[in-house]
Amino acid sequence: MTRGRNVIRVLVAKVGLDGHDRGAKVVAQALRDAGMEVIYTGLRSTPEHVVQTALQEDVHILGLSILSGAHMALTRKVLAQLKEQGADKEMAVVVGGTMPPVDVRKLKEMGAAAVFPMGTAMSTVTKEMQELGKRMLAARENAASPA
Amino acid sequence: MSTTGKPKGATSSSGIPIKPIYTPEDVKGPHQERIGEPGKYPYTRSLHPTPYSQRLWTFRQYSGLAAAEDTNQRYKFLLSQGQTGLSVAMDLPSQIGYDSDDPLAEDEVGRVGVAISSLKDMELIFDGISLADVSTSFTINGTAAATLAMYFAVAEKQGVPLAKVRGTIQNDILKEYVARGTWIFPPEPSLRLIADSIEYCARHAPKFNSISIAGAHFHDAGASTVQELAFTLADGITYVDWTRRRGIPVDEFAPQLSFFFYTHNDFFEEIAKYRAGRRLWAKIMKERFGAKDPRSWMFRAGVVCGGSMLTAQQPHNNIVRVAYQAMASVLGGVQSVFTAAWDEAYTIPSEETAELALRTQQVLAYETGVANVVDPLGGSYYVESLTDAVEREAAKLIEDIDARGGMVPCIEKGYIQSLIARRAYEEQRKIESGEKVIVGVNKFAREETPPEIASYDVPEDAKRRHLERLNRVRKERDQAKAKAALAALERAARGAENTMPYLMDAVKAYCTMGEIYGTLRGVFGTFKEPVMQL
């Protein structure tokens, strides 16, 4: 696939040992139908592997799907890993899955650009991802311009 | 009845056309022969000639949390409240064969179920609960063989003969490759381990269900009711094939095969699914495999009500959904029921919500009168016609899978996975367009602040207790014996012998889950997921 200059690229990742991927696959199809380029990691990625793949694929948004309850620890690791690679400014991290309201707040404080807990409409996810993707595209454009 | 007049005709959730009225015309043909009598081949009406009031279905609530002691306490509570069977939920490291102190495990210990790292944990879970008195079900697949060995070892230690031990081990790896995802090895060695445990149970533990062929996870991942039934029976065919291939006559192990499903919201289609399932499986066993023992023909099913049908919005509505699902299951004639708690879309249920979930099926059993008559819907023009349609559609799908070489190649190529992923997406689109109504989600929804449900977190002290125990086990066991048991297991795995006796020796020598599955990974390798065509 050729990478369009203005196409939003997204990595949908399953981190940890959780094998529930209905949501990840549904969201991947919805984002693709909304015109984004989507890469799906498959199950049981480690935070290191997720970040490595995101860098290789040069995505704008890294989406984590976690339904095991381990979302706090795993998101923290992915964010730290991204920072360590110096890529935390050019990629946004979003999280979806079974997170109670209190954890939604905490994940945002931690640095997640958006959180989609159970019950979020697919259309809401697509819309927010599109806006976020555009912001990331613009941010990179600015960073790249010589002026 | 609706007065708005729909432009399109109604369909069942699987897409079977539904008419507004059914008459004797809909069940023409050799009707009596197809339906038969309760308790007789092909069992459309029921496995048994007697109603539930003479022998109720088993109330079996899936539960397990934190460390062994915490789970032991929860089980004693549930048994004291009238639960009649146990159902063990294990945490993810134990399900995938890692010890709790493995770096891959640290965030998941005791989270979605109890942590079982060695026989010591299994002993504590059943402390004060005699295995002669309860039947226990394990939702375990990747590490089913060692878990089974641990349970049998506890029975031995309690002085309960294996011939008396009752329960079910899920032991169904094929659906793990498609949904749920707790696979370890590639399909072939996985199927060999399953055949090993089926054979071992047939020889030593005749009252234990050696497998629970599960459609539940297909259904919850997005498969339609018809797809759920067809994929499950196709998996069943694969397990029977693999076990027969080692020369074991079908009637020696088939009576110990059982099934597991999710009952979703389409009331009559779910009832039809269980009736059609009984008839289809009876025919498969008798005609395809030549089974002669009537017990080999029996499609014994446990079910879950809840799962992906639960909504986070207006979560109390889930109590009502689960109650209807439980009623459909019982009208469908199933053998055991798990009713999920209403807050399970959010968290591990509290003792209070778990109790209400159990009460839901107790009200059904003791107050509504559904238990008084066998198959009360038998002979209904609609239900019989729908049973025929579900059977016909499922049989078509099984034929398609057969033509593609069976379930193993279909899974290795990602065929089943993409059918399910596609339907999950279509369902979501129907919900968002309002074509499919979910009360409180896309109809009668209101602005609401999410309920303040306490989020479940594994108590730090439970995790500490568990890790200390694991270290103690590793330190205090007879090291030479543990080492020898692992070496013998490795040799057996490389050869063609049944691995179960070696697994029994290994767990009794207190080898850990991580050591046992580390050894087997070395022999069998691990599964690589096919690239998904989304």
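Remember, predicted model here, so these are calculated numbers, not experimental data.

**Here we look at the overall build of chain B**
The secondary structure content of chain B amounts to 20 helices and nine strands. Here chain B has a C-alpha radius of gyration of 23 Å; the compact-globule value for 534 residues is 24 Å, and the two agree. Projected onto its principal axes, the C-alpha coordinates of chain B cover approximately 75 × 60 × 50 Å. Each of the 534 residues in chain B was classed as buried or not, and the buried ones make up 61%.

**Quick look at the overall build of chain A**
Of regular secondary structure, chain A possesses five helices and five strands. Taken from the N to the C terminus, the helices and strands of chain A come in the order β-α-β-α-β-α-β-α-β-α. Taken over the C-alpha trace, chain A has a radius of gyration of 14 Å; the compact-globule value for 147 residues is 15 Å, and the two agree within 12%. Projected onto its principal axes, the C-alpha positions of chain A cover 45 × 35 × 25 Å.

**Side note on the sheet that holds strand E9 (residues 336-339) of chain B**
All names here are of chain B. Here nine strands make up an open sheet; going across it, the order is E5-E4-E3-E2-E1-E9-E8-E7-E6 and the pairing parallel. The open sheet terminates on both sides in strands that have one partner only, identified here as strand E5 (208-209) and strand E6 (211-214). Strand direction decides the pairing type here: E6 and strand E7 (residues 257-263), joined by four bridges, are parallel. Bridging from a neighbouring strand, Ser212 pairs with Ser258 of E7. Helix H5 (residues 144-158) contacts strand E3 (135-138), strand E4 (166-169) and E5 of the sheet and is inclined by roughly 165 degrees relative to E4. In the packing of helix H12 (residues 317-331) onto the sheet, the strands contacted are E7, strand E8 (301-305) and E9, and the crossing angle to E8 comes to about 165 degrees.

**Remarks on the sheet that holds strand E2 (residues 37-40) of chain A**
Residue and element names in this part refer to chain A. In spatial order, the strands read E2-E1-E3-E4-E5; together these five strands make up an open sheet with parallel pairing. Edge positions in the sheet fall to E2 and strand E5 (114-117), since each has one partner strand and no second. Pairwise comparison of adjacent strand axes, ignoring direction, gives a mean angle of 20 degrees for this sheet. When strand E4 (residues 92-97) meets E5, the two strands line up parallel, connected through four bridges. Residue pairing for E5: Gly96 is matched across the bridge by Phe116. This element, helix H1 (residues 22-33), spans strand E1 (9-14), E2 and strand E3 (61-66) of the sheet and lies at about 160 degrees to E2. Those strands touched by helix H3 (residues 71-84) are E3 and E4, and its axis lies near 160 degrees from that of E3.

**Thoughts on the interface of chain B and chain A**
Contact with chain B, which involves 39 residues of that partner, is made by 32 residues of chain A. Each partner contributes to the roughly 3,000 Å² buried at the junction of chain B and chain A, and carbon and sulfur atoms together form 57% of this total. One can count three salt bridges joining chain B with chain A. The salt bridge involving B:Arg429 is made with A:Asp33; its shortest N-O contact spans 3.8 Å. Applying the counting criterion to the chain B and chain A interface returns 14 residue pairs in polar contact (both at pLDDT 80 or more). For the side of chain B that touches chain A, the secondary structure elements donating two or more residues are helix H3 (92-96), helix H8 (216-221) and helix H16 (415-433) of chain B.

**Structural notes on a positive patch on the surface**
All names here are of chain B. Taken together, Arg55, Lys164, Arg166 and Lys207 make up a surface patch of like positive charges. Examined against the element boundaries, Arg55 turns out to sit in the loop between helix H1 (31-35) and strand E1 (58-63). Take Arg55: its relative accessible area is 67%, and that puts it in the exposed class.

**Quick word on the pattern of salt bridges**
All names here are of chain B. Considering all chains together, one arrives at 51 salt bridges over all chains under this definition. When the shortest N-O distance is used, the salt bridge between Lys40 and Glu37 registers 3.4 Å. Take Glu37: its relative accessible area is 45%, and that puts it in the partly exposed class. Notably, a salt bridge pairs Glu252 with Arg203, separated by 3.9 Å at the nearest N-O pair. With Glu252 in helix H10 (residues 250-253) and Arg203 in helix H7 (residues 187-204), this residue pair connects regions lying 49 residues apart in the sequence. In this structure, a network of salt bridges that share partners links the residues Glu69, Asp70, Asp121, Asp461, Arg465 and Arg469.

**A word on the packing of aromatic side chains**
Residue and element names in this part refer to chain B. Summed over all chains, the structure comprises 23 aromatic pairs over all chains. Seen in terms of ring centroids, Tyr41 and Trp297 are 5.1 Å apart; in terms of plane orientation they differ by 70 degrees. Their pairing is edge-to-face. Of this pair, Tyr41 sits in the loop between H1 and E1 while Trp297 is found in the loop between helix H11 (267-288) and E8, placing the two residues 256 residues apart along the sequence. Looking at Tyr41, the relative accessible area reads 25%, which means it is partly exposed.

**Things to note about the confidence of the model for chain A**
Of the residues in chain A, 96% reach a pLDDT of 70 or more, and the chain-wide mean stands at 92. Across chain A, E4(A) holds the top mean pLDDT of 97, while helix H5 (residues 122-144) of chain A sits lowest at 93.

**Thoughts on the confidence of the model for chain B**
For chain B, per-residue confidence averages 94 on the pLDDT scale, and 97% of positions sit at 70 or higher. Confidence over residues 1-6 of chain B falls short of pLDDT 50; this stretch has zero contacts with residues more than four positions distant or in other chains.

**Structural notes on a nonpolar patch on the surface**
Residue and element names in this part refer to chain B. On the surface, Val437, Val439 and Phe444 cluster together into a nonpolar patch covering about 290 Å² of accessible area. If you trace the backbone, Phe444 turns up in the loop between H16 and helix H17 (460-476). Under the relative-accessibility criterion, Phe444 is labelled exposed at 60%.

**A short note on the packing of H11(B) against helix H14 (residues 381-403) of chain B**
For any two helices packed against each other, the geometry is given by the interaxial angle and the distance between the axes. All names here are of chain B. At a closest axis distance of 8 Å, the pairing of H11 and H14 adopts a crossing angle of 50 degrees. Accordingly, the angle class assigned to the pair H11 and H14 is oblique. Handedness of the crossing formed by H11 with H14: right-handed. Contacts between H11 and H14 involve Phe268, Glu269, Ile271, Ala272, Lys273, Arg275, Ala276, Arg279, Leu280, Lys283 and Arg288 on the former and, on the latter, Tyr382, Val383, Glu384, Leu386, Thr387, Asp388, Val390, Glu391, Ala394, Ala395 and Asp402. For the contact of H11 with H14, the per-class residue count stands at 11 nonpolar, one polar and 10 charged.

**Here we look at unusual backbone geometry**
With an omega of 0 degrees, the peptide bond between B:Tyr41 and B:Pro42 qualifies as cis. Mapped onto the fold, B:Pro42 is located in the loop between H1 and E1. If you check the backbone angles, A:Asp58 has positive phi at about 50 degrees while not being a glycine. Looking at the element boundaries, A:Asp58 is found in the loop between helix H2 (47-57) and E3.

Parameters at a glance
Residues numbered from 1 in each chain as written. Chains lettered and ligands numbered in written order. Predicted model: local features only at pLDDT ≥ 70, side-chain atom pairs only at ≥ 80, totals over all residues. Heavy atoms only, no water. Helix = DSSP H or I, 4+ residues; strand = E, 2+ residues; numbered from the N terminus. Rg over C-alpha atoms; globule rule 2.2 N^0.38 Å. Buried < 20%, exposed > 50% of the residue type's maximum accessible area, 1.4 Å probe, protein only. Pairing = 2+ DSSP bridges. Contact = heavy atoms within 4.5 Å. Axes fitted to C-alpha atoms, helices over the stretch in contact; angles between N-to-C directions. Buried area = accessible area lost by both parts, 1.4 Å probe. Salt bridge = Lys/Arg side-chain N within 4 Å of Asp/Glu carboxyl O. Polar contact = N/O pair within 3.5 Å; in protein donor to acceptor, adjacent residues only side chain to side chain. Patch = residues over 30% accessible without salt bridge, like charges linked within 9 Å, V, L, I, M, F, W, Y side chains within 5 Å. Areas by Shrake-Rupley, 256 points an atom, 1.4 Å probe, with all protein chains shown as cover. Lys, Arg positive; Asp, Glu negative; His and termini not counted. Charge placed at Lys NZ, Arg CZ, Asp CG, Glu CD. Phe/Tyr/Trp six-rings, centres within 6.5 Å; stacked < 30°, edge-to-face > 60°. pLDDT = per-residue confidence, 0-100. Parallel < 35°, antiparallel > 145°, perpendicular 65-115°, else oblique. Left-handed = near helix turned anticlockwise from the far one by under 90°. Nonpolar A, V, L, I, M, F, W, Y, C, P; charged D, E, K, R; others polar.

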